[in-house]
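Here is how the chains run, residue by residue.
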Amino acid sequence: MASNGEGEKRSRKHLSSIANSLLHRCARVLNTKPESLVEEFELGLKPVADNYSQRLVEFCSLMALEPLSRNLSEKINNGEFSRFTYDMMLAWEKPSPFPDEHRRSECIAKENEDKVISGVPANNKQDNDNDDDVSLFYSDMMPLLVSEEASVGESAYAWFGSLFPLASDIVNARFTFETLTAATGNRLHYPAYDRFLKEMDKYIDYLQKQAKPTETELADDEFILHVEGSAQTQKVVRHIGASSRPGRLTLTNKALYFEASGVVSYERALKVNLWRTDVDHQVKGASTGPWGAPLFDKAISYQSTEVSEPLILEFPELTGSTRRDLWLALVKEVILLHRFISMYDLSESPLQSSEMHSRAILGVIRLHAAREMLKMSPPPPNSFLTFSLYDDVPKGDYVLEELANSVKQTSKITPFGATDVLKRLDLISHPFEPISQEKIPVLKEEQRNQAELLDSTVGQSKDEAMEVGIAKAAVHEVKEEGITDSLLVLVDLLRPFRIILLRLQRLISWERPARAGFLLIITLLTIYIEGAGYALSSVFLGGAGAILWAKREHIGERFSEVVVDTSSDKSTMESVVEAQQTLKELHEIVNKVNITILKIWSLFTSRSKKHTDMVVWVMMVVALVLAVVPFKYILMGVIAYVSLGSTDIAKSMSSNPQGTRRLKEWWDSIPVVPVHIVDGNS
């Protein structure tokens, strides 16, 4: 008993008030004494542990999660789970006492403990009746009250995601946290956290009530992720040429189903397999309108070798295109999920594949919960969808590679893994036996280093994403709205050059191998015998001859002006739409040219020292190579690379796309020089 008393005394000495309160609550949940819990922790503690208090909080939280997560849906609804786990994050963030710790914090912790002892979860007042009030409080009032109550930071939120991936997944927890706390000073408050978990549970109940697509049997490991177009949801329309048909659209973790509306019921579902990695899936935003005119940018277009014609689905809404953006992100997420599983050979292990599917399913559930909380300003879907997120952010492939390595360490069902969490929520079932409570801490200790490495990689990716975001924000400031009609003349003037360019592209693409090979050999021989000067002089002589011929034939007199013909065999509506698309494309070209020049000027003026230093070193290396290697060999190599790069053999040999991705990420992260437009007369 003496040792038990010493253990409790030692724990009180090392723990803050909220952490000490958590220790006692975990002991009550586990039907043991706090000193026994401390003693069990210290038996497995390494001799040197600088973070004693935080490790003790992690140990107690992990031990208490097993009984706490039983009947999980019920405990989420009555607030018991959210209050307990929120205090876990508070205790992990501030595990040790501070010399100037306020007495008020101790009083709050004591009050919360007393409420739990009496059987009433702290801060759980009329939760079921005031969800809308909480949402209003979260979105409108929270920024004014951020200093009134303890709140959770990003690191604590990410830590709990590694412990129990319900509210977050360690892979994208930091991005999720940033989105959820954008209006509250990057601090997560309890009302928002509690509402978030309840919305997740509501959406799970909603998914379980959804009917299967008509005349279709879902696979055993296939689960519905999202449904629209039914009587209780908003309209979905499929466009086929100039006609359109409303219907119900269902997305699972393996396929997309569309059921056209019939007189009484839905017709047989059209199935699009998204799980096949041997098919080139192309999904993108599209515009639709009356009689096929692309007027409303509220649709998605799916195309692959599996479907005979593009599948165009419209999601009508009065303003914006948030529904379309949501569906586009969800479909891409499913495609990228299966691509990830195939790339890292996770399909060979049903357990590892199931874990990745469960992570993706939980990401979709979190996204819908956040959209319910933030109805006035829906969050970007990618912050919650792991594979879509890391397909876009810098170094995202590094994070996915680290994730694959982490998952490959799994040889049996992981306690509190994504699959286990969905099982506790009664959304899925799996044949694996649950691991006993005694084994859980050992398994989690083995995963600590892997989780820390993964979180570190995620942090680096997030930092670079912020850098690229800042650079892109500056780019958007440079872009100006509007464009003059003179660009229509430019389009007509450039038409002959476009024809020449298209013919050259066909030649380089080896559509006619004999001609392309002959041209390549002649070009390389000309350079090798140093006959480039003669070839260039022949071009100039040909140009001079063409001018003399035009002069002799009086071409200038017959064509004294450039006539731009605006007539067309198309209807007025089609002509307007085509002109709009052309102006939009040319506007984008002008913007890209401006941005490129500003980025080059930024490199020259050293606005970003890191990028400028890299350019200087590259230029010095290139200069050295040009000084040592004869220029004709360099030119021959460049021409051969460009010409042969589009052949099937070259494409099959280039299996590492990371180089192009790194170059694009580096270019996007270069800040542009600000442009300030002034009126000199004012």
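Residues numbered from 1 in each chain as written. Predicted model: local features only at pLDDT ≥ 70, side-chain atom pairs only at ≥ 80, totals over all residues. Heavy atoms only, no water.

Under an unreviewed UniProt entry, the chain has the name ArgH (DUF639) and belongs to Rhynchospora pubera.

Engineer: I tried to follow the packing of aromatic side chains on my own but got confused; where do I start?
Structural biologist: Aromatic rings considered in pairs are described by the distance between their centres and by the relative angle of their planes. According to the stated counting rule, one finds 16 aromatic pairs in the structure shown. Note on F315 and W327: the rings are 5.6 Å apart at their centroids and 15 degrees apart in plane angle, and the pair reads as stacked. Placement of F315 in the loop between β8 (311-314) and α12 (322-343) and of W327 in helix α12 is noted, with a sequence separation of twelve residues between them. Grouping residues by exposure puts F315 and W327 together as buried. Every member of this aromatic cluster is reached through a ring pair, and the members are F81, W92, W159, F160, F164 and F416. Here R25 stacks its cationic end above the ring of F84, 4.6 Å away from the centre of that ring. (Phe/Tyr/Trp six-rings, centres within 6.5 Å; stacked < 30°, edge-to-face > 60°. Helix = DSSP H or I, 4+ residues; strand = E, 2+ residues; numbered from the N terminus. Buried < 20%, exposed > 50% of the residue type's maximum accessible area, 1.4 Å probe, protein only. Lys NZ or Arg CZ within 6 Å of the ring centre and 35° of its normal.)

Engineer: How should the pattern of salt bridges be read in this particular structure?
Structural biologist: Should the charged atoms of two oppositely charged side chains come close, the side chains can pair. Inspection of the entire model under this criterion finds 35 salt bridges. Residues K462 and E178 are paired through a salt bridge, measuring 3.8 Å at the closest nitrogen-oxygen approach. Highlighted residues: K462 in helix α17 (residues 440-478) and E178 in helix α10 (residues 173-180), separated in sequence by 284 residues. Residues E306 and R276 are paired through a salt bridge, measuring 3.7 Å at the closest nitrogen-oxygen approach. Here E306 is found in the loop between β7 (296-303) and β8, whereas its partner R276 is found in the loop between β5 (270-273) and β6 (282-288), with 30 residues between them in sequence. A residue is classified by how much of its surface remains accessible, and E306, at 31% relative accessible area, is partly exposed. Here the salt bridges do not stand alone but share partners, grouping E154, R174, E178, D455 and K462 into one network. (Salt bridge = Lys/Arg side-chain N within 4 Å of Asp/Glu carboxyl O.)

Engineer: How should I be thinking about the environment of W667 in this particular structure?
Structural biologist: Its place among the elements puts W667 in helix α27 (residues 658-668). Residue classification places W667 among the partly exposed positions, given a relative accessible area of 29%. Residue contacts for W667: discarding those within four places in its chain leaves T596 and K599. (Contact = heavy atoms within 4.5 Å.)

Engineer: I'm lost on the packing of helix α2 (residues 17-29) against helix α3 (residues 34-43) in this one. Help?
Structural biologist: Helix-helix packing: each pair is described by the crossing angle between the helix axes and the interaxial distance. The geometry of α2 relative to α3 is characterised by a closest axis approach of 8 Å and an angle of 100 degrees between their N-to-C directions. Between α2 and α3, the crossing angle belongs to the class labelled roughly perpendicular. Between α2 and α3, the residues in contact are L23, H24, C26 and A27 and P34, L37 and V38, respectively. (Axes fitted to C-alpha atoms, helices over the stretch in contact; angles between N-to-C directions. Parallel < 35°, antiparallel > 145°, perpendicular 65-115°, else oblique.)

Engineer: Help me understand the UniProt feature "transmembrane region" (unreviewed entry) in the chain in this model?
Structural biologist: UniProt annotation of "transmembrane region" (unreviewed entry) refers to residues 516-549 and 615-644 when read in the numbering used here. For residues 615-644, the helix share is 93%, the strand share is 0%, and the end-to-end C-alpha distance is 28 Å. (UniProt positions renumbered as here; feature names shortened; annotations may be inferred.)

Engineer: I keep staring at the nonpolar core and nothing clicks. Help me out?
Structural biologist: General note: in soluble globular proteins, nonpolar side chains tend to be found buried as a group. Membership of the largest hydrophobic core comes to 100 residues, with the highest contact counts inside it found for Y157, L166, F196 and L256. Not counting chain neighbours up to four residues away, the residues in contact with F196 comprise Y157, A167, L180, R366, A369, A370, M373 and F384. Grouped together as the second largest cluster of nonpolar side chains are 23 residues, F175, L346, A360 and F387 included. (Core = buried A, V, L, I, M, F, W, Y, C linked by side-chain atoms within 4.5 Å.)

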